[in-house]
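Notes for the structure review
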Amino acid sequence: MEDIPLRVSMEDRTFDHDESDYLLSASEEANVRFRRSRRRKNYFGMESFCNKLQRCCYRKKELNSRTVWIGSHSQLSKEIEYYPSNGIRNQKYNIFTFLPMVLFQQFKFFLNLYFLIMAISQFIPEIRIGYLYTYWGPLGFVLFVTTVREAIDDIRRAQRDKEINCRLYKKLVPTGFELIPSEKIKVGDLIFVDKDERVPADMVLIRTTEKSGSCFIRTDQLDGETDWKLRLAVTDTQKLIFDTDLFQLNASVFAEKPQRDIHTFIGTFKRNDDPPVEDSLNIENTLWANTVVASGTALGLVVYTGKETRSSMNNSQPRSKTGLLDLEVNQLTKILFLAVVGLALLMMCLKGFQGPWYRYLFRFVLLFSYIIPISLRVNLDMGKAFYSWSIMKDKEIPGTVVRSTTIPEELGRISYLLSDKTGTLTENEMVFRKLHLGTAAYGTETFDEIRALLGQAFSNYTSLTPGQPSSGKMRRTVVTRIVEAAKAIGLCHNVTPIVDTNQFIDGKINYQASSPDEIALVSWTESVGLTLMERNTTSMTLRNPHDVLMKFTVLQIFPFTSETKRMGIIVRDDQSGEIVFYMKGADTVMNRIVLYNDWLEEECGNMAREGLRTLVVAKRPLTDEQYSEFDTRFQAAKLALTDRAARVAAVVESLERDMELLAVTGVEDRLQENVKPSLELLRNAGIRIWMLTGDKLETAICIAQSSRLVPRSQSIHVFGNVTSRTDTHQELNAFRRKTDSALIIRGESLELCLKFYEHEFMELACAAPAVVCCRCTPTQKATVVRLIQEHTGKRAAAIGDGGNDVSMIQAADTGIGIVGKEGKQASLAADFSIPQFSHIVRLLLVHGRRSYKRSAALAQFVIHRGLIISTMQAVFSSVFYFASVSLYQGFLMVGYATVYTMLPVFSLVLDKDVSSKIAMTYPELYKELAKGRSLTYKTFFLWVLISIYQGGVIMYGALLLFDDEFIHIVAISFSALILTELLMVALTARKWHVIMILGELVSLALYVASLALFHEFFDSQFIRTADFVWKVCVITVISCLPLYILKCLHKKFSPPSYSKLT
């Protein structure tokens, strides 16, 4: 116990606010109702402008339940005026705020603000040192590019908003229907939504074109699940003959206050006509905004609009991610600013603080301002755009999309990779592999036996109860178990067959369900002869192996939820009249529901170790009296307006007792292609991989080992179940004694570790070769990412494919989404989107390496370009009696960083130290990148020394070699400066590209043309002489040759690690 010091983490932890935090107290609610009553009385008069202003600006946002009227009373409700507009607005700016906000966003950065102050100072004659365009030109170009980019992005957002807001929908009116744009939809409207059409607002389903009152929706843009979900219309309104009959009703829908939870809804449909009708509403009666109707046409009553819809309330603004290289460059910029001020003070000290010294000081600051290159940010941003384009054009990883062009260099600095399991490491394609009945087990090789036994059992279906053949007691037991298990699997689900009526016999049936596990189970029953033929809200039809249809009436369905971890269904056999309650769920839950047995826990563990996802299937026969008594209590609980969910759950749990265990199923989720070699390459690259999954511990261990996330030879430490601080302390000590062991921990234990011993746990976990967190919630996934970042200071990437991975992806430094079976939600929220897990290897080892190396070289070279000319200015001023006069005037200063050197310097984004093949073959090369050695204070100060040496050589050389006229100094020094920059690009490049050569030649040609054209800067007679040529060549050679020699010696005696491979 003394190994770890007992200390408790800070208890005042931050939690998210729920909607209750925004409710008013009872007295405040009374005041609100009073104010509303007064406004209603004056509604038809002139409503006070002050009241409107107060509601808009001062009133605290209230989230209230509501009663929405249907029919004759719907026009009398004025409450709709107080609900938010249904218009969507994702724009950042409007016509008035655009320019001020864009400028504010730019000048809050130190670099741009610094240059703005420098440019404004040129309007003061006393401190002006050149032409205005010398400073305003580069600054204006940067601001223009940024403003245009922001304007284009915002215009695109406005166009997308307009497209959605102006989309026309049919609104039901007493005379038929009228077309109405989406933004004009209000609470209480009756809206038609056709097949494949987006639902514009949160609605209660009133009617459908299906006689049964059902329709299917797709929710992949809401919860990340691609499978269709069944929705049911209100029974009473579905019975009406015509849609317009709704206006003859005196009915209302009560809807709870707006909630973030997309999986629950509490409402009530009430009809005040004769006879009065009251029916409860739940999630199955809703159509949430941004879902898509997949079958038929739906008519819905709008209950929530705009910001109160489930979709809008679940939208969280992702944090703005800044790359580590950008932070490092920002630090170097601050050092450069100190250098500017320090150099200016030094010049003033040498000059003497006489006269208007502050004016001279500011002029020196202006003269040396090129030490901080304004083109640095532009070059880096353009480089990022090029890296992003290169990634998307890479034919080796087709389908890759870069959604955030600001952080491609982060791909080269990853130390931790946190991965989801299902759909990320696995394919999320489920295949039924095993059925265990307690006394017998069947696998893929023996499923034919099941088909044969089912054929025998159902041979006399019309005269015998299935599963009761007449031979042998043992034989009868085995067949009975098989029949009951197959029937339970074939009936207990939410699967719907999609097939034409005339294709029942020969056509292939497609299934739709909310889970691929469900489809795998029903597909298996079809393969053994028990086929699901038809399914609606009230009935289900199975076809047995002898093509005889067996009909069942669906009495109740209890859908699967993440809290209950089980689903149930009550059906009545139409032939025998028998009522049976079937249930299936996770073994941890079903273990306490089924009758005592001695094999369930063991067999579930065995299947989990084989990598199979297990479900336990059970049943309980019910008499008519038992079901009638249950139904009465169940309907009463469904109509409760308070604690409805708890009351319904309590009634259902009264049935979940002493159920007969039928079978355990095992479904395999296959690994994705090339997952094993990909994980091995990443591990060899020095990246520590954590798997965060919601699956059970045994399955997580099996997938971790089968995928080689944890090698077979690697020792494993399973963190025990802990319930207290003492238990947590003991388990942490036990893990500390296990050196070089992979850690497996459950979500519940993780929560306690983070509560009591956050620092100690993260220290031990981050040192482990691999970590697997099972039974993890989405919130825990995001928390783990943030803790890794805080405790290690290293860059973490997260990869996932489902909506439950979005929080983890957004919290990571680099978020990678996979377009998978669970939809596109993770892909759309990520910084990078890939079609399969194996693509991440090339994304990191090749593109991450190149992006980081190129940006580091580009940043330092741009800084060098500013430092060398500032060094020349310092030498010039010191020689000429510390005069605060610019060495180069007008266009020369602007052209130096743009026309003459921009192409060669920016062509460094094409440089690469190793080929993609070598980077993939030797992943160990990636380890060096995490150390950040390409851009450090050491490399920065090395470039500073190079700049000082070259600037001094060029300036002193020009001063020594010029004859009599000052203009000759300008011609010699500027020509040597341009040639030096072009040669330095050649020395810096590690592998030539044809565009690099073209950039060098074009820049040289442009400068030669400038010598002939700009007579005010160059003496046309002098530049044609041999003196000019040899002087420029000598100065250039002296400035570059020693550096070339040093580079060769360094490469020979201290070669980089990759040189041996090339």
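Residues numbered from 1 in each chain as written. Predicted model: local features only at pLDDT ≥ 70, side-chain atom pairs only at ≥ 80, totals over all residues. Heavy atoms only, no water.

Its place among the elements puts Ser415 in strand 15 (residues 414–419). Setting aside residues no more than four positions away along its own chain, Ser415 makes contact with Gly686, Ile687, Arg688, Lys794, Arg795 and Ala930. (Helix = DSSP H or I, 4+ residues; strand = E, 2+ residues; numbered from the N terminus. Contact = heavy atoms within 4.5 Å.)

What links the strands of a sheet is backbone hydrogen bonding, and the strands pair in either a parallel or an antiparallel sense. Taken in spatial order, the three strands make up an open sheet running 7-6-12, and their pairing is antiparallel. Strand pairing shows two members of the sheet lacking a second neighbour, strand 7 (228–232) and strand 12 (292–293), which therefore form its edges. For strand 6 (residues 214–218) and strand 7, the ladder comprises five bridges, and the chain directions are antiparallel. Residue pairing in the sheet places Arg218 in a bridge with Trp228 of strand 7. (Pairing = 2+ DSSP bridges.)

With that settled, consider the layout of surface pockets. Volume-wise, the second largest pocket comes out at about 1700 Å³. Sort the elements by how many residues they give to the lining of the second largest pocket and helix 32 (residues 937–961) lands first, with six residues. (1 Å grid on protein atoms, 1.4 Å probe; cavity = no way out; pocket = protein on both sides within 12 Å on 5 of 7 lines; lining within 4 Å. Points joined across faces, edges and corners; volume = space filled by probe spheres on them.)

Another aspect to go through is the pattern of salt bridges. Summed over the entire model, instances satisfying the criterion amount to 25 salt bridges. Between Asp517 and Arg613 there is a salt bridge; the shortest N-O distance is 3.1 Å. Of this pair, Asp517 sits in helix 14 (residues 516–527) while Arg613 sits in strand 25 (residues 612–622), placing them 96 residues apart in sequence. Each member of the pair Asp517 and Arg613 is classed as buried. Look at the salt bridges and you will find they share partners, linking Asp326, Lys384 and Glu409 into a network. (Salt bridge = Lys/Arg side-chain N within 4 Å of Asp/Glu carboxyl O. Buried < 20%, exposed > 50% of the residue type's maximum accessible area, 1.4 Å probe, protein only.)

Overall, the prediction assigns the chain a mean pLDDT of 83, with 88% of residues at 70 or greater. Confidence over residues 1–60 falls short of pLDDT 50; this stretch has 66 contacts with residues more than four positions distant or in other chains. Predicted confidence for residues 501–505 stays below pLDDT 50, and this span has four contacts to residues more than four positions away or in other chains. (pLDDT = per-residue confidence, 0-100.)

Let's shift gears to the pairing of strand 16 (residues 426–436). Sheet topology note: the strand 16/strand 26 (residues 660–671) ladder contains seven bridges and is antiparallel. Along strand 26, the bridge assignment pairs Lys434 with Gly666. Pairing of strand 16 with strand 17 (residues 441–443) involves three bridges; the strand directions are antiparallel. Bridged to Leu435 within strand 17 is Tyr442. Hairpin connection between strand 16 and strand 17: a loop of four residues separates the two successive antiparallel strands, and Gly438 in this loop has a positive phi of roughly 95°.

Read across the sheet, nine strands follow the order 14-33-32-31-15-27-30-29-28 without closing on themselves; strand pairing throughout is mixed. What marks the edges here is a single partner per strand, and that holds for strand 14 (401–402) and strand 28 (716–718). Direction of pairing for strand 32 (residues 814–818) relative to strand 33 (residues 832–834): parallel, over a ladder of three bridges. Counted as the bridge partner of Ile818 is Ile834 from strand 33. Along the sheet, helix 27 (residues 839–879) makes contact with strand 15, strand 31 (795–800), strand 32 and strand 33, crossing strand 33 at roughly 140°. (Axes fitted to C-alpha atoms, helices over the stretch in contact; angles between N-to-C directions.)

Scanning all chains against the criterion turns up four cavities of 30 Å³ or more. Each pocket or cavity is described by its volume, and for the largest cavity that value is around 90 Å³. Lining the largest cavity are 13 residues, with Ile129, Tyr135, Ser886, Tyr888 and Met893 sitting closest to its centre. For the lining of the largest cavity, the secondary structure elements donating two or more residues are helix 5 (132–165) and helix 10 (357–367). When its residues are assigned to classes, the lining of the largest cavity shows eight nonpolar, five polar and no charged. The space that makes up the second largest cavity amounts to roughly 50 Å³. In terms of residue count, helix 27 provides more of the lining of the second largest cavity than any other element does, three residues in total. The residue inventory of the lining of the second largest cavity, partitioned by class, reads six nonpolar, two polar and no charged. (Nonpolar A, V, L, I, M, F, W, Y, C, P; charged D, E, K, R; others polar.)

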